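As a plain string of letters, each chain reads:
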Amino acid sequence: MAELLKFGAFTLTAEELQGCSYRCDPALCRGRVCCAIFDIAITLEERTRIYNLLEELYPLCPWLKTESSPFQITPCEIFIKKRENGLCIFNWEDADGSAWCALHTLALQRGENPFKVKPLNCSLWPFLRDGNNQLELDRETEAPCLSYTHAAGKQDPELLNLLQSLE
């Protein structure tokens, strides 16, 4: 039986954590939109935090000015809206056509840890939550910052800090 690691309410197998090499590096994302394809559920606190950043996000995502809200509210959850192209509303492209996360970019511009600005579900990627708070490695999405190995992986230290903070 695989060893389960507990991070707050979340569990993850030690094999999954050790079996991937991952470092969130926006420079590796050029031309890719790996995580921007997911439906992202957020908390009320995350929604408030993002609302407070909207004016600073307008230069990267001017279409936000015309949105009544960047969120879709359902009876059970709040989601980040998608644009017509199916990507996250906070996904933007630079002059070279490379795709970026506006929340991550803004955090870096402000000298902040992106994992403290982005929603938890975004920050946890490449680990996805299932309905039982089990985290599992997303092995289906091809990402230039993510590789799988049988040896101990090298995770982003900030991701490890984020997981440990969930305890």
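Up top is the structure.
These remarks concern the structure in this document. (Residues numbered from 1 in each chain as written. Predicted model: local features only at pLDDT ≥ 70, side-chain atom pairs only at ≥ 80, totals over all residues. Heavy atoms only, no water.)

**Quick notes on the pairing of strand 2 (residues 10-13)**
Neither face of strand 2 is open: one carries F10 and L12, the other T11 and T13, and all of them are buried. Taken together, the four bridges between strand 1 (residues 4-7) and strand 2 define a ladder with antiparallel strand orientation. By the bridge assignment for strand 2, L5 is matched with L12. (Buried < 20%, exposed > 50% of the residue type's maximum accessible area, 1.4 Å probe, protein only. Helix = DSSP H or I, 4+ residues; strand = E, 2+ residues; numbered from the N terminus. Pairing = 2+ DSSP bridges.)

**Overview of the environment of H104**
Mapping H104 onto the fold places it in helix 4 (residues 102-109). According to the relative accessible area criterion, H104 is buried, its value standing at 7%. As a C-alpha pair, H104 and S123 span 19 residues in sequence and 9.4 Å in three-dimensional space.

**Thoughts on the pattern of salt bridges**
Tallied over the entire structure, the rule returns four salt bridges. One salt bridge connects D39 with K82, and the closest N-O pair in it is separated by 3.8 Å. On the criterion of sequence distance, the pair formed by D39 in the loop between strand 3 (20-22) and strand 4 (41-42) and K82 in the loop between strand 6 (78-80) and strand 7 (91-93) is long-range, its members being 43 residues apart. One salt bridge in this structure joins E67 and K81, with 3.1 Å as the shortest N-O distance. Pair noted here: E67 is in the loop between helix 3 (54-57) and strand 5 (71-73) and K81 is in the loop between strand 6 and strand 7, with a separation of 14 residues, a long-range link. Taking relative accessible area as the criterion, E67 reaches 31% and is therefore assigned partly exposed. (Salt bridge = Lys/Arg side-chain N within 4 Å of Asp/Glu carboxyl O.)

**So, the packing of aromatic side chains**
On inspection of all chains with the given rule, the structure shows two aromatic pairs. Their ring planes at 75 degrees and their centres at 5.2 Å tell us that Y51 and F71 sit as a pair that is edge-to-face. Taken together, the positions of Y51 in helix 2 (residues 44-51) and F71 in strand 5 put the pair 20 residues apart, joining distant regions of the chain. By relative accessible area, F71 is classed as buried at 3%. Across the ring face of W63, the terminal group of R83 is positioned such that the distance to the ring centre comes to 3.6 Å. (Phe/Tyr/Trp six-rings, centres within 6.5 Å; stacked < 30°, edge-to-face > 60°. Lys NZ or Arg CZ within 6 Å of the ring centre and 35° of its normal.)

**Quick word on the sheet that holds strand 10 (residues 134-137)**
The strand order 1-2-10-9 describes an open sheet built from four strands, whose pairing is mixed. The open sheet has two free edges, formed respectively by strand 1 and strand 9 (127-129), since each of these has just one partner strand. Averaged over all adjacent pairs, the angle separating strand axes in this sheet is 35 degrees, with direction ignored. Here strand 9 runs beside strand 10; their pairing, made up of three bridges, is antiparallel. Within strand 10, the position partnered with F127 by the bridge is L137. (Axes fitted to C-alpha atoms, helices over the stretch in contact; angles between N-to-C directions.)

**Quick notes on the side chain of N121**
For N121, the location among the structural elements is in helix 6 (residues 120-124). Polar side-chain contacts of N121 include one of 2.8 Å to the backbone oxygen of A41. Discounting residues that sit within four places of it in the chain, N121 has contacts with I40, A41 and R129. (Polar contact = N/O pair within 3.5 Å; in protein donor to acceptor, adjacent residues only side chain to side chain. Contact = heavy atoms within 4.5 Å.)

**Overview of the sheet that holds strand 5**
As summarised here, the arrangement of the three strands in space is 4-6-5, forming an open sheet in which the pairing is antiparallel. Lying at the two open borders of the sheet, with one neighbouring strand each, are strand 4 and strand 5. Where strand 5 and strand 6 come together, three bridges link them in antiparallel fashion. In the strand pairing of strand 6, Q72 is matched with F79.

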